[in-house]
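# Notes for the structure review
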Amino acid sequence: MIPVTAIDHSLSGLAWRWRGGNMDMGEIADGAAAAGGLGDGGARLTDGLVDQLLLSRGIDRLDLDRHRRPTLRDFLPDPSLFRDMDRAAARLADAVQSGEAIAVYGDYDVDGATSAALMIRLLRLLGRDARPYIPDRLLEGYGPSGEALVRLGAEGARLIVTVDCGAMAHQALGMARDAGVDVIVVDHHKCAAELPPALAMVNPNRLDESDAAAAHGNLAAVGVAFLLAIATVRTLRERGFFASGRAPDLMGLLDLVALGTVADMAQLKGLNRALVAQGLKIMARRENVGLAALIDASRIARAPTASDLGFALGPRINAAGRIGDSSLGVALLTTTDPQEARTIAERLSALNEERRAVEQAVQEAAEAQLPGQGNRAVVVLSGGGWHPGVIGIVAGRIKEKTGKPTLVIAEDADEAGNGKGSGRSISGVDLGAAVIAAREAGLLLAGGGHAMACGLTIAPGKVGELADWLDDRLARDVAGARSAKALLLDLSLTPGGLTPDLVEQLEAAGPYGIGWPGPRVAVGPVRLVKCDLVGADHVRMVAAGNDGRSFKAIAFRAAQSELGQTLLHGSRGRQLWLVGRARIDDWASRPAAELHLEDAAFAD
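Quick summary incoming for the structure in this document.

### Brief notes about the overall build of the protein chain
Per the secondary structure count, the protein chain includes 21 helices and 18 strands. Projecting the C-alpha coordinates of the protein chain onto the three principal axes gives extents of approximately 75 × 60 × 45 Å. Put simply, the protein chain has 604 residues, and 56% of those count as buried. Here the contacts in the protein chain between residues at least 6 apart in sequence split such that 67% fall between residues at least 24 apart. Total accessible area on the protein chain is roughly 24800 Å²; 49% of this is exposed by carbon and sulfur atoms.

The following block contains the structure:
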């Protein structure tokens, strides 16, 4: 029998190792498996095992108390730590006190929608209102439009707050300045050395930020907006604005912060983890009628989890900006009318279904080009007629399939024939910085992003040159990241240990997401007593172990992979280790635990 820690070549071609080389975790897990499994008459999960999950994710042993149950009190920095924060808060406070007209200019994705909604709801709490403006992805593209900023000023807005955009909008912000409009930029995307002419640029990724502020560079824009909300209320309190009443409780805005943070793939470490942990608690109260309607439309009948934000709620809001009316997300998140909320949520769900069909067509066309990529370090795919609204999702899918940073470019995406591209990267490769460098090198008309995701505009005929340039610049980084890749395990157990109680207790070290991976469980040895296709390309299994227990498992979008084909046709009669995420299957009359499969290996 091959031990789980001795797997050097799984069905997906990966070695399996304990996360962080944490052999203490292995000893605890193997001991529990030998005792008959965790939570099933054998060893029980304790705070000690949760501590091991934290330690294996890089937490210092002396800092465990703070990370077991992350709170804002333990992680929230003084907003004044960030450059221009006090200036932005003072200008917002001036507008609140004087009753100036304010506009909020957001991006069309979830981070932009939640950031804009947070600023609008903040101003309502302060007795003011603001006009939202979300650009059309196809007609206006990413980032502030100078024409739109000037138009908003001409229509009365003396202060505009841009959220999740503006870090690289030099020309647009120059036009606003020349028109006499003050602009506060609240962003988190990579910046160039020269900043655009905003009244204030609040962005932890400014190149001139202090080390202490730059340590929060993984904040989503909605997290930065929340810090600005705190600073603004503090400024108004110092000015005596609340002398006749109480200052608003900003904790109620954390549901928006959680949604935007998870959906934008921000790393769930430190402050972000605390923001999401507390935001999920607020979301469970269903005080935001728009979010409550979206939860219902997503058919989530329990308190939402971080996974729900990324895979159920976020895609529905994103669908509006991708193929529908980009303003629907902000409208949903700011409405106080339950009927309007239900109508918008249903519309977003319908748009999400349309988005899936469009995405499938683009993905098939993009994947058809993969054989021509050869040994390139960065996959660059382009085609005419591809919908720009889904290229980011397709890039993410192909990145997962190839294990390489991927750019997908929709050619002829505007009237000038320029291409619009979106990219997704792998851990250890900063694609956003590379795209900014490509823009500065004259290869792109526009471009920016962060380490894991980027967007760009490229002139006709330049795609090949960009692909060569990225391959040369990032080849070493990609090679290093891929050579160090292994499937990292947190726990091994027998089938009897895969219980709802186990899943519940593992969640104690959450919330999980990018940068804070959910526990990966190895279960076995098992034999597959049933294995078939479900849906388009998912592989569904029933596995039974030597302990007489069985469980369900499913490998999503795996049917055509070597893993899926081996499970379907080459595993009969052989013993396997199955690795994946333990989840609750609550569709049956009684909740059961199942495994969302990521990999498998023969155990004999």
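### Notes on helix H11 (residues 254–263)
With nine of ten residues buried, H11 lies mostly within the body of the structure. Restricting attention to buried positions, one finds in H11 the residues Leu254, Asp255, Leu256, Val257, Ala258, Leu259, Gly260, Thr261 and Val262. Remark: Met265 follows H11 within two positions and exhibits a positive phi of approximately 60°.

### Concerning the packing of helix H13 (residues 289–297) against helix H16 (residues 338–367)
In contact at an axis separation of 8 Å, H13 and H16 are set at 45° when each is read in the N-to-C sense. By the angle class used here, H13 and H16 are oblique. Crossing of H13 over H16 shows right-handed handedness. When H13 is examined against H16, the residues Val289, Gly290, Ala293, Leu294 and Ala297 are found in contact with a partner set consisting of Ala341, Arg342, Ala345, Leu348 and Ser349. By residue class, the composition of the contact of H13 with H16 is seven nonpolar, two polar and one charged.

### Description of the sheet that holds strand S8 (residues 406–411)
If you trace the five strands from one edge of the open sheet to the other, you get S7-S8-S9-S11-S10, paired in mixed fashion. With partners counted over all chains shown, the strands left at the sheet margins are strand S7 (379–384) and strand S10 (446–450), one partner each. Strand-to-strand, the axes of this sheet are offset by a mean angle of 15°, without reference to chain direction. Judged from the five bridges that link them, S10 and strand S11 (residues 453–458) form a sheet pairing that is antiparallel. The residue bridging Ala446 from the neighbouring strand is Thr457, located in S11.

### Looking at the sheet that holds strand S5 (residues 182–186)
The strand order across the open sheet built from five strands is S3-S2-S4-S5-S6, with neighbouring strands paired in parallel fashion. Among the strands making up the open sheet, the edge pair consists of strand S3 (131–133) and strand S6 (200–202). Here the average twist between neighbouring strands, direction ignored, is 20°. In terms of strand pairing, strand S2 (residues 102–106) meets strand S4 (residues 159–163) through five bridges, oriented parallel. By the bridge assignment, Ala103 is partnered in S4 with Ile160.

### A word on the environment of Asp412
Relative to the helices and strands, Asp412 is located in the loop between S8 and strand S9 (419–424). Taking the relative accessible area as the measure of exposure, Asp412 reaches 57% and is therefore exposed. It is 43 Å that separates the C-alpha atoms of Asp412 and Leu81, two residues lying 331 residues apart in sequence. When near neighbours in sequence (up to four residues on either side) are disregarded, Asp412 contacts Gly417, Asn418 and Gly419.

### Here we look at the side chain of Thr261
Turning to its location among the elements, Thr261 is positioned in helix H11. A distance of 2.7 Å separates the side chain of Thr261 from the backbone oxygen of Val257, its partner in a polar contact. When residues no more than four places from it in sequence are discounted, the contact partners of Thr261 are Ala220, Val222, Ala266, Leu268, Asn272 and Val276.

### Description of the environment of Leu199
Inspection of the secondary structure assignment puts Leu199 in the loop between S5 and S6. As for Leu199 and Leu333, which are separated by 134 residues in sequence, their C-alpha atoms are 27 Å apart. Once residues lying within four places of it in the same chain are set aside, the contact partners of Leu199 are Arg87, Arg91, Asp182, Val183 and Ile184.

### Quick word on the nonpolar core
Counting residues in hydrophobic clusters, the biggest one holds 124 residues, and the most contacted among them are Leu118 and Leu578. It is helix H10 (residues 221–238) that contributes the most residues to this core, ten residues altogether. Beyond its immediate chain neighbours, meaning those up to four positions away, Leu118 contacts Val222, Ala225, Phe226, Ala229, Leu253, Leu256 and Val257. Grouped together as the second largest cluster of nonpolar side chains are 22 residues, Ala377, Val435, Val463 and Leu474 included.

### Side note on the pairing of strand S17 (residues 576–585)
Of all ten residues making up S17, eight are buried, and the element is well covered by its neighbours. In this sheet, S17 lies alongside strand S14 (residues 521–534) in antiparallel orientation, the contact comprising four bridges. The residue bridging Ala522 from the neighbouring strand is Val579, located in S17. With ten bridges joining them, S17 and strand S18 (residues 592–602) adopt antiparallel strand pairing. The residue of S18 that forms the bridge with Ile584 is Ala593.

### Thoughts on unusual backbone geometry
Note that the residue after Gly510, namely Pro511, is joined by a cis bond; omega there is 5°. Locating Pro511 in the fold gives a position in the loop between helix H20 (500–506) and S14. A cis amide bond, omega -5°, links Gly524 with the succeeding residue Pro525. Topologically, Pro525 is positioned in strand S14.

### Points about the pattern of salt bridges
Applying the stated criterion across every chain, the model contains 31 salt bridges. Here Glu359 makes a salt bridge to Arg397, at a shortest N to O gap of 3.2 Å. Taken together, the positions of Glu359 in helix H16 and Arg397 in helix H17 (residues 391–402) put the pair 38 residues apart, joining distant regions of the chain. Classification of Glu359 by relative accessible area gives buried; the value is 6%. Of the charged contacts in the structure, one is a salt bridge between Lys462 and Glu465, with a shortest N-O distance of 3.3 Å. Beyond isolated ion pairs, a larger network of salt bridges with shared partners links Arg83, Asp84, Arg206 and Asp208.

### So, helix H19 (residues 463–483)
The axis of H19 is deflected most strongly, by about 55°, at Leu474. Where H19 is concerned, the buried positions are Val463, Leu466, Ala467, Leu470, Leu474 and Val478. Residues of H19 that are buried make contact with S7, S8, helix H18 (431–440) and S11.

Analysis parameters
Per-chain numbering applies: the sequence of each chain, read as written, is numbered from 1 onward. Note on the predicted model: pLDDT of at least 70 is required for a residue's local features to be given, and 80 or more for side-chain atom pairs to be given and counted; whole-chain, interface and lining totals, by contrast, use all residues. The basis for every side-chain value is the complete set of non-hydrogen atoms in the structure, without hydrogens or water. Numbering goes from the N terminus for both helices and strands, where a helix is a DSSP run of H or I of at least four residues and a strand is a run of E of at least two. A simple rule labels every residue: compare its accessible area, found with a 1.4 Å probe on the protein chains alone, to the largest value its type can have, and call it buried under 20%, exposed over 50%, or partly exposed in between. The criterion used for residue contact is that any of the two residues' heavy atoms lie within 4.5 Å. To be clear on the numbers: accessible area is Shrake-Rupley with a 1.4 Å probe, and residue cover counts the displayed protein chains and nothing else. Fitting a line to C-alpha atoms yields each axis, with helices limited to the stretch in contact; the angle taken between N-to-C directions then spans 0 to 180 degrees. Every angle not falling under 35 degrees, over 145, or within 65 to 115 is termed oblique; those three ranges are roughly parallel, roughly antiparallel and roughly perpendicular. By convention the crossing between two helices is left-handed if the near helix lies anticlockwise of the far one by an angle smaller than a right angle, and right-handed if it lies clockwise. In this classification, Asp, Glu, Lys and Arg are treated as charged, Ala, Val, Leu, Ile, Met, Phe, Trp, Tyr, Cys and Pro as nonpolar, and every other residue, Gly included, as polar. For two strands to be treated as a pair, DSSP must find no fewer than two bridges joining them. Any pair of nitrogen or oxygen atoms within 3.5 Å is treated as a polar contact; in protein, a donor-acceptor pairing is required on top of that, and neighbouring residues in sequence qualify only through side-chain atoms on both sides. For this analysis, a nonpolar core means a set of buried residues of the types Ala, Val, Leu, Ile, Met, Phe, Trp, Tyr and Cys, connected via side-chain atoms within 4.5 Å. Any Lys or Arg side-chain nitrogen found within 4 Å of a carboxyl oxygen on Asp or Glu counts as a salt bridge. The bend at a residue is defined as the angle formed between two axes, one fitted to the seven residues ending at that residue and one fitted to the seven starting there.

Purely geometric stuff here, so don't read any function into it on its own.
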